[in-house]
Amino acid sequence: MKNCFVFLLMIISLIGLSEFAVVLCQGGELRRNFYEKSCPLAEHIVQSITWKRVATNSTLPAKFLRMHFHDCFVRGCDASVLLDSTANNSAEKDAIPNQSLAGFDVIDEIKSQLEKTCPGVVSCADILALAARDSVSFQFRRPLWEVPTGRRDGSISRSSEALANIPSPFFNFTTLKQSFANKSLTVQDLVVLSGGHTIGVGHCNFFSNRLYNFTGKGDADPSLNSKYAAFLKNKCQSLSDNTTIVEMDPESSLSFDNNYFSILKQNKGLFISDAALLTDKGSSNVVDEMLNSNTFFVEFKKSMVRMGAIEVLTGSSGEIRKKCTVINS
């Protein structure tokens, strides 16, 4: 199912069903309303609990969006990021890129309610995909993108694979492009999904080299807006600071919008990987297109559907975990 006819994609895109086609190609048996008969209240339960928690914690949308992204880039969207480490295995959530993830307690609450309502039916992978969508959608009170369901849960989670597969904030454009291509995602997807940085925060140690030691000579990154650099230096006062956090979009870090692309054009992208999007003509052109809010929301919807279909387990593959933190015994 992973090898699709390009001609088919072209034809279907002409009639407005390109997302559906990509799901068929990358996601196997994912489909809308997968739980319509087996657990009719599934999506309502996920949304209800997610919205309840977001209403009292406005940082959750960024956390769930990042968690879903990190899950999908390692072994596909199989909830491997939710598994706890064991005595014999260091799991993904303990890898450096994932040590700042949060919101696992909300996933556990959702799973607990779903197990009471329809035991052994709804996967943790689908819960995470839905929670990411619903948390970001809370400010709009309507779903921002479709989440085809039917994912099943994986049984392997290795911290080494998280390090090897999750794109780094230190990546240049060439490395970013290859990282996304490895997951069958395009430069368009790379730029559009980077727009998720309009919400959330970054830790100083993931960008302070741009302020204090960019080329190893105690210098700053010349591509970084000088006024913004001064602002960041006031926040992050040394290379060793690994606890201070800074908003990725200083103008609207709690509002999901396309403002990320406006600040990017002002050379105020926080990470090297943000600034990298302006170093390639193709990606820079996509950045310009995303300055139109309507265009961004349409494209973000498409890219999230594609990302959510990466290497998914469906049918009889994988399992439906009873608890999201451990594999079934």
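Quick look at the structure, then. (Residues numbered from 1 in each chain as written. Predicted model: local features only at pLDDT ≥ 70, side-chain atom pairs only at ≥ 80, totals over all residues. Heavy atoms only, no water.)

Applying the stated criterion to the full structure yields 17 aromatic pairs. For the ring pair Phe-73 and Phe-180, a centre distance of 5.1 Å and an interplane angle of 65° mean the geometry is edge-to-face. Of the two residues, Phe-73 is situated in the loop between α4 (60-72) and α5 (104-117) and Phe-180 in helix α8 (residues 173-181); the sequence distance between them amounts to 107 residues. Here the two residues Phe-73 and Phe-180 agree in accessibility, since each one is buried. Centre to centre, the rings of Trp-145 and Phe-300 are 5.5 Å apart; their planes meet at 75°, and the pair counts as edge-to-face. Of this pair, Trp-145 sits in the loop between α6 (124-137) and α7 (159-165) while Phe-300 sits in helix α15 (residues 293-307), placing them 155 residues apart in sequence. Judged on exposure class, the residue Trp-145 and its partner Phe-300 are both buried. Pairwise contacts between aromatic rings join Phe-140, Trp-145, Phe-256, Tyr-260, Phe-261, Phe-296, Phe-297 and Phe-300 into one cluster. The ring of Phe-104 carries Lys-93 above its face, with NZ or CZ at 4.3 Å from the centroid. (Phe/Tyr/Trp six-rings, centres within 6.5 Å; stacked < 30°, edge-to-face > 60°. Helix = DSSP H or I, 4+ residues; strand = E, 2+ residues; numbered from the N terminus. Buried < 20%, exposed > 50% of the residue type's maximum accessible area, 1.4 Å probe, protein only. Lys NZ or Arg CZ within 6 Å of the ring centre and 35° of its normal.)

This part covers the environment of Gly-269. Among the structural elements, Gly-269 can be located in the loop between α12 (259-265) and α13 (272-275). Relative accessible area serves as the criterion here: at 5%, Gly-269 is assigned to the buried category. Put simply, Gly-269 and Ser-100 are 169 residues apart on the chain and 20 Å apart in space, counted from C-alpha to C-alpha.

Once that is clear, we can look at the nonpolar core. One finds Met-67, Leu-82, Ile-107, Leu-114, Phe-300 and Met-307 to be the most contacted residues of the largest nonpolar core, which totals 68 residues. Among the elements that take part in this core, α6 stands out by supplying 9 residues, more than any other. Not counting the four nearest positions on each side in its chain, Met-67 is found in contact with Val-81, Leu-82, Leu-101, Ala-102, Gly-103, Phe-104, Ile-107 and Leu-128. (Core = buried A, V, L, I, M, F, W, Y, C linked by side-chain atoms within 4.5 Å. Contact = heavy atoms within 4.5 Å.)

The final tally for this structure, using the stated rule, is 4 disulfides. The residue that forms a disulfide with Cys-39 is Cys-118, at a sulfur-sulfur distance of 1.8 Å. Remark: Cys-118 occurs in the loop between α5 and α6 and Cys-39 occurs in the loop between α2 (18-27) and α3 (42-56); sequence separation between them is 79 residues. In terms of burial, Cys-39 and Cys-118 fall into one category: buried. Across a sulfur-sulfur distance of 2.2 Å, Cys-124 and Cys-324 are joined as a disulfide pair. One disulfide, between Cys-124 and Cys-324, carries an S-S torsion of -95° and so falls in the left-handed class. With Cys-124 in helix α6 and Cys-324 in the segment after α15, this residue pair connects regions lying 200 residues apart in the sequence. For Cys-124, a relative accessible area of 0% translates into the label buried. (Disulfide = S-S within 2.5 Å.)

Once that is clear, we can look at helix α11 (residues 226-235). The set of residues buried in α11 consists of Tyr-228, Ala-229 and Leu-232. Looking down the long axis of α11, one finds its buried residues gathered within 100° of arc, a one-sided arrangement. Among the exposed residues of α11, those pointing more than 90 degrees away from its buried face are Ser-226, Lys-227 and Asn-234. Packed against the buried residues of α11 are α10 (209-212) and β2 (245-247). For α11, the side-chain oxygen to backbone nitrogen distance between the N-cap and Lys-227 is 3.0 Å, and the N-cap itself is Asn-225. (Arc of directions from axis to C-beta. Polar contact = N/O pair within 3.5 Å; in protein donor to acceptor, adjacent residues only side chain to side chain.)

With that settled, consider the packing of α4 against α15. Between α4 and α15, the least distance of the axes is 10 Å, while the angle of their chain directions is 45°. Taken as axis vectors, α4 and α15 run oblique relative to one another. Each of Leu-65, His-68, Phe-69 and Cys-72 in α4 lies in contact with α15, whose residues at this interface are Phe-300, Met-304 and Met-307. Here the contact of α4 with α15 is composed, by residue class, of 6 nonpolar, 1 polar and no charged. (Axes fitted to C-alpha atoms, helices over the stretch in contact; angles between N-to-C directions. Parallel < 35°, antiparallel > 145°, perpendicular 65-115°, else oblique. Nonpolar A, V, L, I, M, F, W, Y, C, P; charged D, E, K, R; others polar.)

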